[in-house]
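Each chain, letter by letter, is given below.
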Amino acid sequence: PKNLTAKVVTKKQASTNNIVETVCQRFKAPNNHSQLAQLAAYYSAFVFQAASSRPDVVIALLDRCDAWRRPDRFEKLLQLCEALISTDPESSHKSLGSIAFLRTALSVCKNINAQEFIDQGISGEAIGDSMRNSRKVKIAALRKQF
């Protein structure tokens, strides 16, 4: 979807979810494969253009894919996207750049620690807000390199 920050599930997303769920159930796919298939169905188009997206949208993708707690699954999503673009040589260069951007963004942002904000006297919800803002700054700086 174009707007990852939207809270409303579109009809297209619901339809895609139903198709992916149906296929996974039909083939009795393990849960981790089903989850990966759903992530790919929803977010692969975004992954291909991530390097040109706003930092808050990149963070929303990382949040929705639970990349902070499940980086291995996110890496599998990126590998799946690499396999998908290998079938389209015309757009592969730009898409591979976006995948590299996402890998680097996750790596850079994982170094942001809540403790550094707690040490500054920040508490409560402000810790999460501070972490999010720090991630935005790092992703914006990283985007200039890509």
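Before reading on, note that the structure itself is shown above.
A quick note: this is a predicted structure, and the numbers were derived from the prediction, not measured.

Cut-offs applied
- The numbering scheme is per chain: residues are counted from 1 as the chain's sequence reads.
- The predicted origin of the model limits local features to residues at a pLDDT of at least 70 and limits the giving and counting of side-chain atom pairs to 80 or more, whereas totals for whole chains, interfaces and linings rest on all residues.
- Side-chain numbers here rest on the full set of heavy atoms in the structure, without hydrogens or water.
- Here a helix means four or more residues in a row that DSSP labels H or I, a strand means two or more in a row labelled E, and each is numbered from the N terminus.
- When accessible area is computed with a 1.4 Å probe and restricted to protein chains, residues below 20% of their type maximum are described as buried, those above 50% as exposed, and intermediate ones as partly exposed.
- By definition in these notes, contact holds between two residues if any of their heavy atoms fall within 4.5 Å.
- Think of it this way: a Phe, Tyr or Trp ring, Trp meaning its six-membered ring, pairs with another when their centres are within 6.5 Å, and the plane angle makes it stacked under 30 degrees, edge-to-face over 60, tilted otherwise.
- Cation placement over rings: the criterion is NZ of Lys or CZ of Arg within 6 Å of the ring centroid and within 35° of the ring normal.

Structural notes on the environment of L77
Moving on, step 1. Along the chain, the position of L77 falls in helix α4 (residues 71-85).
Moving on, step 2. By relative accessible area, L77 is classed as buried at 0%.
Moving on, step 3. As for L77 and L36, which are separated by 41 residues in sequence, their C-alpha atoms are 6.4 Å apart.
Moving on, step 4. When near neighbours in sequence (up to four residues on either side) are disregarded, L77 contacts L36, L39, A40 and C65.

Considering the packing of aromatic side chains
Moving on, step 1. Applying the stated criterion across every chain, the model contains 2 aromatic pairs.
Moving on, step 2. Residues Y42 and Y43 carry aromatic rings whose centres are separated by 5.9 Å and whose planes lie at 65 degrees to one another, so their mutual orientation is edge-to-face.
Moving on, step 3. When the ring centre of W68 is taken as reference, the NZ or CZ atom of R135 above it lies at 3.8 Å.

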